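Breakdown of the fold
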Amino acid sequence: MNIKDYTQNKILVFDGAMGTMLQKNGLSLGETPELFNLTHPDVVTAIHTAYVKAGANVVSTNTFGANEFKLNNVEEVIAAGVACAKASGAEYVALDVGPLGQMLEPLGTLSFEAAYNAFARQIKAAQKAKADMVILETFSDLYELKAALLAVKENSNLPVICSMTYQEDGRSFIGCDPATMVIAMQALGADAVGVNCSLGPDKLFDVVDKILEYAKVPVIVQANAGLPQIKDGQTVYDITAQEYADTVAKMVQRGVEIVGGCCGTTPEFIKELCNRTDGFAPVKTSPKTVTACTSGIKTVVFDNAVTEIGERINPTGKKLLQQALRTQNYDFIISEAAAQVAAGANVLDINAGLPELDETAVLCEIVRRVQSVTTAPLQLDSSDLAAIEAAARIYNGRPIINSVNGKEESLAKILPIAKKYGALLVALTLDDDGIPKTARKRVGIAKKIVERAQTYGIGREDIIVDCLVLTASAQQTQVMETLRAVTLVKKELGVKTVLGVSNVSFGLPVRELINATFLTAALGAGLDAAIVNPSEPRYREALDAFRVLSAEDANALCYSQKYKDYKIAAAAKPLPGENTAEKSDGTAGQADEKQSLISIITGGRKELAKPTVEQMLTHCTPAQIIDECFIPALNAVGEDFEAGRLFLPQLMLAAQTVGEGFEAVEKFAAENNTSSQSKGKIILATVKGDIHDIGKNIVKMLLQNYGFNVIDLGRDVPPEKVIEAIAREDAVLVGLSALMTTTVKSMKETIAAVKNAGFASCKFMVGGAVLNEEYKDFVGADFYAKDALESVRIAEKVFGLNNKQ
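These numbers come from a predicted model, not from an experiment.

For the rest of this paragraph, the subject is the overall build of the protein. The secondary structure content of the protein amounts to 30 helices and 25 strands. A globule of 805 residues ought to have a C-alpha radius of gyration of about 28 Å, and the protein, at 28 Å, matches this closely. Viewed in the frame of its principal axes, the protein has a C-alpha envelope of about 85 × 70 × 50 Å. When burial is assessed residue by residue, the protein has 57% of its 805 residues classed as buried. Pairs at least 24 residues apart make up 75% of the contacts formed inside the protein by residues separated by at least 6 positions. Of the roughly 32000 Å² of accessible surface on the protein, 50% is carried by carbon and sulfur atoms.

This is the structure in structure tokens:
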């Protein structure tokens, strides 16, 4: 099946919820839905058939959680699931694949390749069972979605749809925005992209509009039937089938070409949706064509603004970096990355090219570590083919590959890698004859690369041409040829351009002056991106001034604020407070010791936390370190998280960094027969019938790092086990988690059992994807924790604490 061809002339309709229907047909609390394919195939087939009769063109198999982390018999369950779907007489059968229920590194412990292998096992089973397509749905982590998409592309010939779930703030649970998802996934070869689950359709218009703004492939929407509510002790949804159909129909009129339903929707919803959209012709959209790279949660578009690419993580001419690479001092490299982003870099160039190193291993390790501490996209810079491919594979998002050139060997090797991994590509204007002396010949090489890339399906918007900067000291007449080439490439080929600016000054005194002057001239020639040291003051001044002249800095507001008290000296000096460090030993220099530890935590510098705390413990008490460093740092990160300036990966990294410091504190306490005072004892559990514990584990980590003693009972915990723990630990606060509406009743039963057992004074906070204030009241809890940070605030309230510094 070709999804794009199908949706040229008509709307493709998927089915609705499977879980909702299974619950209505005998699925018990705690029972594994996917096993119904084996134990009750008639029930599963009947549900599929009901959706087909309602008008669905595609039914999704009952295999959402059929992965090796949940089941032993993955292949058997998937084969049975496909058979049940085919027995319904559906036009098409889609293998339904959901997240694995494990967090990928660096947030969790699951490696990218382990995730890939788990998905590949599912895909191979679907191919063998003759499914017609694959739908990857309800993902919140772009990295996990990439692993799943690669597994489909490399282990089958099936079309694949990629769908993520979004919160009310327009981002996924991990922090990915719709534009980043679309740009990364369609570049990787997704046949359709979109949104499912999340919220009711009326709350998804902004998300859908953003997806349509960038999607060049069909867009799918499968919303929930509104929000779950409790009526007469039963879970119901607040949108009727007609309301759902009317709202989704408006999305179809905006350009959505594939529709269906998620939680709470039934065959009635699909029937109304088919009736409402009957006769609708797909609306042709005009998505933006952009040159863009992404990280896992952020997109950088090469538009009319100047894009800064940090050059500092490249060992050429940098002895300290060379030594760091040889000794695997990754903390030094992370310091360089953080400093460049703080100074204004939009993208970071990553190069590990020393001949004595295993460049593939080192480059991949740098990519993993740098991506764990910054949201900036990366440029993978290597002449080693294996290193480029390995790094592009494990990269979270859409990288830039630096580079391809006009040599036939380079084109044949690099272009397929760029296409497979959906990367942007830097194109160097050199060939077998070297770097041409004239601008016209450089344009000719650029044209050759652009045209050859198009034969691989790589559009010119995915090419960034580097016209190559030569040294003014040795090739003075070539400097202006480079600038002329930039102008001609943009005018004749319509592509973006980039230059490694600092090459121009090699061998000359006061290199910064030459560099800044050349940068200004290049920007005037139309340069789009500059590979520079963003901490160099003269660069900053040149860039800030150019942004005024090009109207990028509207009304010169940023420039005026930044330079209002600045006086130009004979030699350029850094602005007050500006980071000019080009060298770092991984510490905060002369900064106050406590502020240094706070900076380490907020920056997610895990490697530095333990040795720093160990040094401080020679003259500080554990309580001082916890109350004056750990808590203020976590509060600062928490405030940025709540304000939308940081996202879950940065929050968790800060918590993990505090965890490293806590190890030093606890070791010190044990060796000195003291103890780090607990701020209170809290029991956590995922309730009976629910096996999801990612959210609970995040809450646990954060509470522990705020100084609370957490007793984690695990998942699928019966009420009696909670009661035993309360009695044993004399606990006054219990946190209960549930992901599914079906297990909310378990919360109610657990709380009632605890109260009946004589622990009426025990307080309960509840949380999870389906929870809200109404559910909190229904289950009899005292508090609703909307996220991990809120659980900390609740705990502080219960124990009479106010830890904000």
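Let us keep going from here.
With that out of the way, let us pick up the environment of A727. As for its position among the elements, A727 is in helix α27 (residues 719-729). Placed 31 residues apart in sequence, A727 and G758 show a C-alpha to C-alpha distance of 9.8 Å.

Let us look at the sheet that holds strand β23 (residues 733-737). Read from one edge of the open sheet, 5 strands run β22-β21-β23-β24-β25, paired in parallel fashion. Since the sheet does not close on itself, it has two edges, and those belong to β22 (709-712) and β25 (783-784), each with one partner. Where strand β21 (residues 681-686) and β23 come together, 5 bridges link them in parallel fashion. Considered in β23, the bridge of L684 is made with G735.

The sheet built from 8 strands is open, its strands ordered β1-β10-β7-β6-β5-β4-β3-β2 with parallel pairing. The open sheet terminates on both sides in strands that have one partner only, identified here as β1 (12-13) and β2 (58-60). Sheet topology note: the strand β7 (residues 219-223)/strand β10 (residues 258-261) ladder contains 4 bridges and is parallel. In the strand pairing of β10, V221 is matched with V259. Sitting on the sheet, helix α11 (residues 267-277) is in contact with β1 and β10, with an inclination near 150 degrees to β10.

With that out of the way, let us pick up the nonpolar core. With 174 residues, the main nonpolar core has L136, M181 and M185 as its most contacted residues. Viewed by domain, this core spans two of them, domain 1 (3-277) and domain 2 (292-563), each represented by three or more residues. Leave out the neighbours within four places in its chain, and M185 touches L142, L145, K146, L149, C162, A190 and V193. The next biggest cluster of nonpolar side chains, apart from the first, holds 46 residues, and it includes M103, V613, I626 and I794.

As a further point, take the confidence of the model for the protein. Of all residues in the protein, 96% have pLDDT values of 70 or greater, and the mean over the chain is 91. This stretch, residues 569-591, has a pLDDT under 50; its non-local contacts, to residues over four places away or in other chains, come to 32 contacts.

The subject of this paragraph is the domain arrangement of the protein. Taken as a whole, the protein is organised into domain 1 (3-277), domain 2 (292-563), domain 3 (590-671) and domain 4 (681-798). Once you take the C-alpha centre of each, domain 2 and domain 3 turn out to be 34 Å apart. At the junction of the two partners, domain 2 supplies 8 residues and domain 3 supplies 8 residues. Both faces combined, the contact of domain 2 with domain 3 buries some 660 Å², and carbon together with sulfur accounts for 53% of it. At the junction of domain 2 and domain 3, the tally comes to 2 salt bridges.

As for its position among the elements, T307 is in strand β13 (residues 307-313). Contact partners of T307, with chain neighbours within four places excluded, come to V300, V301, F302, N346, V347, D528, A529 and A530.

This part takes up the pattern of salt bridges. Per the stated rule, a full pass over the model turns up 41 salt bridges. Where K210 meets E213, a salt bridge forms, and the shortest distance between an N and an O atom there is 3.1 Å. Of this pair, K210 and E213 both sit in helix α9 (residues 205-214), 3 residues apart, which is roughly one turn of the helix. Residue class for K210 comes out partly exposed when judged on its relative accessible area of 32%. The shortest N-O distance in the salt bridge between K679 and D627 comes to 3.2 Å. Highlighted residues: K679 in the loop between α25 (648-671) and β21 and D627 in helix α24 (residues 622-642), separated in sequence by 52 residues. Taking relative accessible area as the criterion, K679 reaches 16% and is therefore assigned buried. Through salt bridges with shared partners, a single network forms among E113, E154, R393 and K420.

The subject of this paragraph is the packing of helix α17 (residues 439-455) against helix α18 (residues 478-493). Helix packing for two helices is described by the angle between their axes and how far apart those axes are. The geometry of α17 relative to α18 is characterised by a closest axis approach of 8 Å and an angle of 40 degrees between their N-to-C directions. In terms of their interaxial angle, α17 and α18 are classed as oblique. Considering the relative orientation of α17 and α18, their crossing is right-handed. Residue-level contacts link A439, R440, R442, V443, A446, K447 and V450 of α17 to Q478, E481, T482, R484, A485, L488, V489, E492 and L493 of α18. Looking at the contact of α17 with α18, its residues break down into 8 nonpolar, 2 polar and 6 charged.

Its 13 residues place the ends of helix α20 (residues 537-549) 19 Å apart at the C-alpha level, agreeing with the 18 Å of an ideal helix rising 1.5 Å per residue. Residues P537, R538, Y539, R540, A542, L543, D544, F546 and R547 constitute the buried set of α20. Where α20 starts, the residue carrying a side-chain oxygen 3.0 Å from the main-chain nitrogen of R538 turns out to be E536. In the stretch just after α20, A551 is the one whose phi turns positive, near 70 degrees.

Most peptide bonds adopt trans geometry, and most residues besides glycine take a negative phi value. Cis geometry marks the peptide bond from E105 to P106; its omega dihedral reads 5 degrees. Cis peptide bonds are those with omega within 30 degrees of zero, and the linkage from N402 to S403 qualifies with 25 degrees. Positive phi, normally seen in glycine, also occurs at T138, with a value near 65 degrees. Under the relative-accessibility criterion, T138 is labelled buried at 18%. At L468, a position not held by glycine, the phi torsion is positive, near 70 degrees. Looking at the element boundaries, L468 is found in the loop between β18 (463-466) and α18.

As a further point, take the packing of aromatic side chains. Two aromatic rings, taken as a pair, are described by how far apart their centres are and by the angle between their planes. The full count for this structure, using the stated rule, is 8 aromatic pairs. Taking 5.9 Å as the distance between ring centres and 45 degrees as the angle between the ring planes, the aromatic pair formed by F119 and F139 counts as tilted. Placement of the pair is F119 in helix α6 (residues 112-129) and F139 in strand β4 (residues 133-139), with a sequence separation of 20 residues. The two residues F119 and F139 agree in class, both being buried. Pairing Y559 with Y563 gives two aromatic rings, centres 4.6 Å apart and planes at 25 degrees, and the pair type is stacked. Here Y559 and its partner Y563 are both found in helix α21 (residues 557-563), 4 residues apart, which amounts to about one turn of the helix. Judged by its relative accessible area of 32%, Y559 falls in the partly exposed class.

Quick look at the pairing of strand β17 (residues 424-428) now. Here β17 lies mainly inside the structure; 5 of its 5 residues are buried. Judged by which residues are buried, β17 turns out to be covered on both faces: L424, V426 and L428 on one side and L425 and A427 on the other are all buried. One crossover worth recording links strand β16 (residues 400-405) to the parallel β17 by way of helix α16 (residues 408-420), and it is right-handed. With 4 bridges joining them, β17 and β18 adopt parallel strand pairing. What sits directly across from A427, in β18, is V465. With α17 bridging β17 and the parallel β18, this β-α-β connection has right-handed handedness.

How each quantity is defined
- Residues numbered from 1 in each chain as written.
- Predicted model: local features only at pLDDT ≥ 70, side-chain atom pairs only at ≥ 80, totals over all residues.
- Heavy atoms only, no water.
- Helix = DSSP H or I, 4+ residues; strand = E, 2+ residues; numbered from the N terminus.
- Rg over C-alpha atoms; globule rule 2.2 N^0.38 Å.
- Buried < 20%, exposed > 50% of the residue type's maximum accessible area, 1.4 Å probe, protein only.
- Contact = heavy atoms within 4.5 Å.
- Areas by Shrake-Rupley, 256 points an atom, 1.4 Å probe, with all protein chains shown as cover.
- Pairing = 2+ DSSP bridges.
- Axes fitted to C-alpha atoms, helices over the stretch in contact; angles between N-to-C directions.
- Core = buried A, V, L, I, M, F, W, Y, C linked by side-chain atoms within 4.5 Å.
- Domains from an automatic or database assignment.
- pLDDT = per-residue confidence, 0-100.
- Buried area = accessible area lost by both parts, 1.4 Å probe.
- Salt bridge = Lys/Arg side-chain N within 4 Å of Asp/Glu carboxyl O.
- Parallel < 35°, antiparallel > 145°, perpendicular 65-115°, else oblique.
- Left-handed = near helix turned anticlockwise from the far one by under 90°.
- Nonpolar A, V, L, I, M, F, W, Y, C, P; charged D, E, K, R; others polar.
- Expected span 1.5 Å × (residues − 1).
- Polar contact = N/O pair within 3.5 Å; in protein donor to acceptor, adjacent residues only side chain to side chain.
- Phe/Tyr/Trp six-rings, centres within 6.5 Å; stacked < 30°, edge-to-face > 60°.
- Right-handed = clockwise from strand over helix to strand, strands pointing away.

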